Structure formats: C-alpha cells, structure tokens
Amino acid sequence: MQVNLDYAKPFIDSKVFDNTKEDVKKAHQSLKDKTIKGADFLGWVPGNPLKKETVDKIIAVADVIKKQVDVLVVIGIGGSYLGAKAAMDALSPYFKKPDVEVIFAGHHLSGAYLDGLLHYLKDKRFAINVISKSGTTTEPALAFRLLKDTLIQKVGLKKAQELIVATTDPETGALRQLANQEGYQTFEVPSDIGGRFSVFSAVGILPMAVAGIDVKAFLKGAKDAALEFEKDPSLAYDYATIRQSLYRSGKKFEIFVHFEPKLHFTAEWLKQLFGESEGKEEQGLYVTSAGFSTDLHSLGQIIQEGEKIFFETVLHIEEPLSDLRVPLDNKNLDGLNYLADRTFDYVNEKAMQATRLAHVDGNVPNIRLSLPKLDAYEYGKFLYFFCLVVALSGAASGVNPFNQPGVEAYKVNMFALLGKPGFEKEKEALLKR
C-alpha cells in the first residue's frame, strides 16, 4: 500500500507537522506498551484475533448455511454490520447473483424496510445471524424479535433454532442467555474488541464467509499488515500525522473520496471508525465521503470554491478491475471518438488526476491512499491499516480512541420518550421541552 502526501504537505507549516509527528510517535509507544487510553480494547491489534479452529468452525457453519437457505439475514447495527457490508460490496462481483443472498436488518428503525423484507422472505428459505453484545440494543433487538417470530412460523421452533446463529458476548447479556436457552449456534463478540474494530472477528467473518469471500486471505492480510507495521510503521505514521496536522491547521472536514462504487461502504465504515473514535471532548475531524465522478456533479462546486475547511483522502485501486474499452462510433455525434479503444479505467484514472489537481488549485489539500489491487488479502491489509491509523491519530489528539460515550445520549432520550420503565423523570423533562 502507498500513501501519497505530495498534495497535502504544502498546506501545513513544518513546525506543526513535526510537533504532530512527535505526538503520533508517543501514541505509538503507548499502543505498544498498552498504556494508551482504552487499552482494554486492543484485542484486534494482533491483526487476526481468531484462532485457526475458530476460523475453521466459522467456515464450516457458513457452508452448512449455504446448503440450507436462499438468504441469510444479518441483524446488527454500527460495527456489527458495516465491516461485513463494506467487505462484501468491495469484493463481490457486480450484478452476479450469489449462492446465498446476504441481507442486513436491524441497522435502523424503518418499519417500511422490515415490512418489505418480510414480504421478500415470504417464499425464501432464510437463516438469521443476530449480532449484539448485549441483545438489548433497540434497533437490532426489535428486528430480531420480528424475524425470529417469522422464522418460527415458517419452519417451526426446532428448525428455527437450527437456523439462528447468535454472535454475542461470551458470557453475559440477554442474547447470550436466550442463545443458551434455545440452543442457538453461537460465536463470540470478543470482550476486548469494540464494534467498529470487530470486522476481523466472527462479527464480520461469518457473513463474509456466507457471501463467498475468502476469509482466510482477508485475515492473513490483516495479520501481515500488523507484522509490517511492527517492522516499519512509517505509512501509518505519515497518514495519522498529516490528517492531524491538517486538523491543527484549521481543516474541519475529511472527505473520503473514491472513484470506484465498490468502495462506497468502505467509506461508510471509515466514517464510523474515525467519527466514533475521535469525535469527543469537543474535538475531532468530521468525516464524510463522496463517490466521484458522480458527486462531482453535486458536491464538486462547494469543494472547489466553498469555505476552505475540507481536505480529501482519495481511496485508490492501482490494478484495473476491468479492461472494458470505449467503442468507436462512426457518427461521433458525442465527440468522444478521441477516447475510442481507451479503457474505462484509463478514463476514470484521468478523471481522478484531473480532480485532485483542480481541488488542490482550489486550496483543498489532497491525500491519496493506494492499495495494489482489490482482493481479499489486500482488503484485509487496507482495513487493518485504518484501525492502526485511528488508534495513533486519536491517541495523538489526547482522546480515548476506543470508547463512544456520546452515543448513549440519544438512547436515553429515546427510551424516555418511548416510555421505557425506569426513565419516567427523563420523559417528564423531555416532554416539558
């Protein structure tokens, strides 16, 4: 993987950069000796937290699921679904019908979505993978209650119990209790890995395995990235340093940009990873995303000529995903024959180069992160790289990169307004407002 900072460094005072790099080095030392804030959540640091026998078991369960059903419904929210969704979108072919369709639920509260899902599943054989540490998070718990009942009505209690896999806390929580009572197949949400870092655990690996992704190659990529980082941390240092330096220089927004739609949900995963890790104590870059060239026709104007509070990080794939070529048109009414026999990848690459140059000319710093090719191994390395970066970047800014205390505020208000027992005083105060 490569990090290109040529279009970002000129926007930063050298003293700011040097001071920030020192903070990143200190953060790395605290990561190594486990004095970093939130050190209890470093279970992902080896790169592959799963034992070989666990990976083999996950693959075996995935194979059984694939033989029995048409659809796997994965129920989870945040890190319990985003990592797997990102990997599946990145690594699966466009428009090819999979052996088993993987559909996500429980990541919002739309009744219309769930109603439509129930209608879709009416003539489908389906299984459920419910992912929750506690089993009481509102969004996935409601979806599981509904889909579990639907599955029982469809196939009977005993068969439904065989078709439900619970990925949950190893010992405690409502879902663990239910799984033990009902005899569900279970996998662990490791107690020392937070949700947004859980893609390398059973949380991400089981849905990916059902979707046909080479999970062993994915995990090997993460493991190799961890080993490479220990030998030479410069790539993670450089990126963590440059983004923190830009923030300290007045930039408020980091836009993750891609020119390949397969990376849309990778950017969504990154938004949670950085936003939840760094956005606390009234600081932190606001992380957003854009898919170019599509969004150049909607957001391009404000990026080019708006307030200078943005910088861009371009996610780039070096090896072309296709050699599809532009055909010759004898009439040439669209004037595009000058591109005849060029690959679409070539045109897309030039669009990326042109955009980077234009935005830099518009005083928008630009970083490029390139992975050699888009396969399971390189993608595993890619995601693990970002986990390292956010740990370094967050710690360098002085926050705990592994907690998310602010996420609870909306939940308390929601419980109160919904009339959950124990929240009567909060409900009264909110209703007065």
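This one's a predicted model, so the numbers in the text were calculated from it and none came from an experiment.

Asks: Honestly, helix α14 (residues 376–396) in this entry has me stumped. Any pointers?
Replies: Every α-helix carries 3.6 residues per turn, so stepping three or four residues along brings you back to the same face. Its 21 residues give α14 an end-to-end C-alpha distance of 30 Å, which sits within 8% of 30 Å, the value for a rise of 1.5 Å per residue. The element α14 is extensively covered by neighbouring structure, given that 19 of its 21 residues are classed as buried. Two residues or fewer past α14, G398 is found with a positive phi of approximately 95°.

Asks: Can you walk me through the sheet that holds strand β2 (residues 71–75) in this structure?
Replies: Hydrogen bonds between backbone groups are what pair the strands of a sheet, and the pairing can be parallel or antiparallel. Pairing is parallel across the open sheet formed by five strands, whose spatial order is β3-β2-β4-β5-β6. Strand pairing shows two members of the sheet lacking a second neighbour, β3 (101–105) and β6 (185–188), which therefore form its edges. Averaged over all pairs of adjacent strands, the angle between their axes in this sheet comes to 20°, without regard to strand direction. Looking at chain direction, β2 and strand β4 (residues 126–131) are connected through five bridges and run parallel. Looking at the pairing, V74 lines up with N129 of β4. Sheet strands touched by helix α5 (residues 138–155): β2, β3, β4 and β5 (164–168). Its angle to β4, the strand with the most contacts, is close to 155°.

Asks: I keep staring at the nonpolar core and nothing clicks. Help me out?
Replies: One finds Y239 and F386 to be the most contacted residues of the largest nonpolar core, which totals 116 residues. Those residues in contact with F386 that lie beyond four places of it in its chain are Y239, F256, W269, L270, L273, F274, L315 and L369. Formed by 11 residues, the second largest nonpolar core is a distinct cluster that contains I303, I309, F310 and M352.

What counts as what
Residues numbered from 1 in each chain as written. Predicted model: local features only at pLDDT ≥ 70, side-chain atom pairs only at ≥ 80, totals over all residues. Heavy atoms only, no water. Helix = DSSP H or I, 4+ residues; strand = E, 2+ residues; numbered from the N terminus. Expected span 1.5 Å × (residues − 1). Buried < 20%, exposed > 50% of the residue type's maximum accessible area, 1.4 Å probe, protein only. Pairing = 2+ DSSP bridges. Axes fitted to C-alpha atoms, helices over the stretch in contact; angles between N-to-C directions. Contact = heavy atoms within 4.5 Å. Core = buried A, V, L, I, M, F, W, Y, C linked by side-chain atoms within 4.5 Å.

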